[in-house]
Amino acid sequence: MKLILRGHHLLCLQGFQGYGYDENFVENMTEINRRRKLANTTISLTDSPDDICKSCPNLRDGICENQKQNERIKSMDEKVLSKLDILKEYNACDLFEEVEKIFNSKDSVSEICSKCIWHKECLFYENL
């Protein structure tokens, strides 16, 4: 099983609690969160729309909401992806262990997560 995920979604998935933009988005995010925990799942990284974005009602013409919002999202991706090998295909469990080691404090994620509309519901962010 293979997933394609953008950088900042590696953080989002760890704190996901079932909140989302609409029912379709939540169902897709729940399924991806389930699959990323399976030993046979691999993940390729990207800084563009991914398997989560495909169900997002804010994705329009390949960008998130509008150009300004899309640039903010891409900046979040870059901050995460700069710590990883974007060309590597990862075992999902190994990747999330690595992400937990890299992003292990509020300081390490505050620039990425603090302005996210979901940060108050995010267990990953709130429990750091």
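Structure's up top.
Model, not experiment: these values are computed from the prediction.

What counts, and where the lines are drawn
- Residues numbered from 1 in each chain as written.
- Predicted model: local features only at pLDDT ≥ 70, side-chain atom pairs only at ≥ 80, totals over all residues.
- Heavy atoms only, no water.
- Helix = DSSP H or I, 4+ residues; strand = E, 2+ residues; numbered from the N terminus.
- Buried < 20%, exposed > 50% of the residue type's maximum accessible area, 1.4 Å probe, protein only.
- Areas by Shrake-Rupley, 256 points an atom, 1.4 Å probe, with all protein chains shown as cover.
- Lys, Arg positive; Asp, Glu negative; His and termini not counted.
- Charge placed at Lys NZ, Arg CZ, Asp CG, Glu CD.
- Salt bridge = Lys/Arg side-chain N within 4 Å of Asp/Glu carboxyl O.
- Phe/Tyr/Trp six-rings, centres within 6.5 Å; stacked < 30°, edge-to-face > 60°.
- Contact = heavy atoms within 4.5 Å.

Chemist: Please explain the overall build of the protein as it appears in this structure.
Modeler: Along the backbone of the protein there are 6 helices and 5 strands. If you list the helices and strands of the protein from N to C, you get β-α-α-β-β-β-α-β-α-α-α. Counting the 128 residues in the protein, one finds 43% classified as buried. Only carbon and sulfur atoms are counted for the fraction: they give 47% of the accessible area of the protein, which is about 7100 Å². Each charge class in the protein was averaged separately, 18 positive and 22 negative side chains, and the resulting centres sit 2 Å apart.

Chemist: Just checking my understanding: could you explain the pattern of salt bridges for this structure?
Modeler: Counted under the stated rule, the structure contains 5 salt bridges. Where Glu-89 meets Lys-2, a salt bridge forms, and the shortest distance between an N and an O atom there is 3.1 Å. Of this pair, Glu-89 sits in strand E5 (residues 89–91) while Lys-2 is found in strand E1 (residues 2–6), placing the two residues 87 residues apart along the sequence. In this structure Lys-2 comes out as partly exposed when scored by relative accessible area, which is 43%. The closest approach of N and O atoms between Lys-74 and Asp-47, which form a salt bridge, is 3.7 Å. In this pair, Lys-74 is assigned in helix H3 (residues 67–81) and Asp-47 in the loop between strand E2 (42–46) and strand E3 (59–60), connecting sequence segments 27 residues apart. Judged by relative accessible area, Asp-47 falls into the partly exposed class, the value being 28%.

Chemist: Just to check I follow, could you spell out the packing of aromatic side chains for this structure?
Modeler: The geometry of an aromatic ring pair is captured by the separation of the ring centres together with the interplanar angle, meaning the angle of the planes. If you walk through the whole model with that rule in mind, you get 2 aromatic pairs. Considering the side-chain rings of Tyr-21 and Phe-25, the 4.9 Å spacing of their centres and the 70° angle between planes classify their relative orientation as edge-to-face. Since its relative accessible area comes to 36%, Tyr-21 is described here as partly exposed. Both rings, one in Tyr-21 and one in Trp-118, keep their centres 5.5 Å apart while their planes meet at 75°; by these two values the pair is edge-to-face. Here Tyr-21, found in the loop between helix H1 (9–15) and helix H2 (23–35), pairs with Trp-118, found in the loop between helix H5 (106–113) and helix H6 (123–126); they are 97 residues apart in sequence, far enough to count as distant. Every member of this aromatic cluster is reached through a ring pair, and the members are Tyr-21, Phe-25 and Trp-118.

Chemist: Which parts of the structure should I look at to understand the side chain of Arg-36?
Modeler: Along the chain, Arg-36 turns up in the loop between H2 and E2. Glu-100 provides the closest opposite charge to the buried, unpaired Arg-36, separated from it by 5.5 Å. Residue contacts for Arg-36: discarding those within four places in its chain leaves Leu-3, Leu-13, Gln-14, Thr-41, Ala-92, Cys-93 and Phe-96.

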